[in-house]
Amino acid sequence: MATRLNNQISDKLLSAAEKLVTERGAEGMSLGDVAACCDISKGTLYYYFKTRDELLAALAERCSSALEERLFAWMDGLTAVTSAEDAAKSLAAVFFSEGSPLPIFRELISCFSDEAKSICSAAAEAWRIVLEIASLRLGLAGESLAARSALVVPLAVGLSASGEEDPEKALVTLLAG
């Protein structure tokens, strides 16, 4: 019972931090703001997260896991007969569809927290490998496979920050070109 309650409170705190990071950026979020958003005392918040860096690292883990789940679901849907354009469209949806954690990931990979940046960077490297496997599954092997796979996450992050009117379409164009 206590563990479930702890998980619920921790999830509530992470959701509040996610909302604040989305609204203000990582630098604009404070532990006091998170506590106020959850209507709890700072002392209670400190029981779960001792520092802002610790909270941002937990948020980076949560965000990275959510994007990873989306990528694996995308890859599982690929077959040898999936066209490169259809694969690019469904991959772009992974990053830009409603509820995607990409905007939070973008904030965290460039924030002041070394631990959060490290978690996001490690996740991006793991996703590069997933994308290489997916490319092989699609029969897109070749010299540029590693380079192409290594560009997907930085392109998605960059497009999400660029103010591009339709970043999903722009990513499809860049990938399926």
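A few points on the structure.

Rules used in this analysis
- Residues numbered from 1 in each chain as written.
- Predicted model: local features only at pLDDT ≥ 70, side-chain atom pairs only at ≥ 80, totals over all residues.
- Heavy atoms only, no water.
- Helix = DSSP H or I, 4+ residues; strand = E, 2+ residues; numbered from the N terminus.
- Phe/Tyr/Trp six-rings, centres within 6.5 Å; stacked < 30°, edge-to-face > 60°.
- Buried < 20%, exposed > 50% of the residue type's maximum accessible area, 1.4 Å probe, protein only.
- Salt bridge = Lys/Arg side-chain N within 4 Å of Asp/Glu carboxyl O.

### Regarding unusual backbone geometry
And step 1. A positive phi is found at Asp39, a non-glycine position, where the angle reads about 60°.
And step 2. Within the element layout of this structure, Asp39 appears in the loop between helix 2 (31-38) and helix 3 (42-48).

### Re the packing of aromatic side chains
And step 1. On inspection of all chains with the given rule, the structure shows two aromatic pairs.
And step 2. Ring centres of Tyr47 and Tyr48 lie 4.9 Å apart, and the angle between their planes is 85°; on these two criteria the pair is classed as edge-to-face.
And step 3. Of the residues examined, Tyr47 reaches a relative accessible area of 55% and is grouped as exposed.
And step 4. Taking the centre distance of 5.0 Å and the plane angle of 45° together, the rings of Phe105 and Trp127 count as tilted. One end of the pair, Phe105, is in helix 6 (residues 102-109); the other, Trp127, is in helix 7 (residues 114-137), and 22 residues separate them in sequence. Each of the two residues, Phe105 as well as Trp127, counts as buried.

### Some points on the pattern of salt bridges
Where charged atoms from two side chains of opposite charge come close, those side chains can pair.
And step 1. One pass over the structure, following the stated rule, counts seven salt bridges.
And step 2. Note that Arg62 is salt-bridged to Glu18, the shortest N-O span being 3.7 Å. Here Arg62 is found in helix 4 (residues 52-76), whereas its partner Glu18 is found in helix 1 (residues 2-24), with 44 residues between them in sequence.
And step 3. Exposure remark for Arg62: the relative accessible area of 28% places this residue in the partly exposed category.
And step 4. A residue is classified by how much of its surface remains accessible, and Glu18, at 27% relative accessible area, is partly exposed.
And step 5. Lys117 serves as the salt-bridge partner of Asp114, at 3.8 Å between the closest nitrogen and oxygen. Placement of the pair is Asp114 and Lys117 together in helix 7, with a separation of three residues, close to one helical turn.
And step 6. Classification of Asp114 by relative accessible area gives exposed; the value is 57%.
And step 7. Overall, Lys117 belongs to the partly exposed group, its relative accessible area being 29%.
And step 8. Beyond isolated ion pairs, a larger network of salt bridges with shared partners links Glu125, Arg128 and Glu132.

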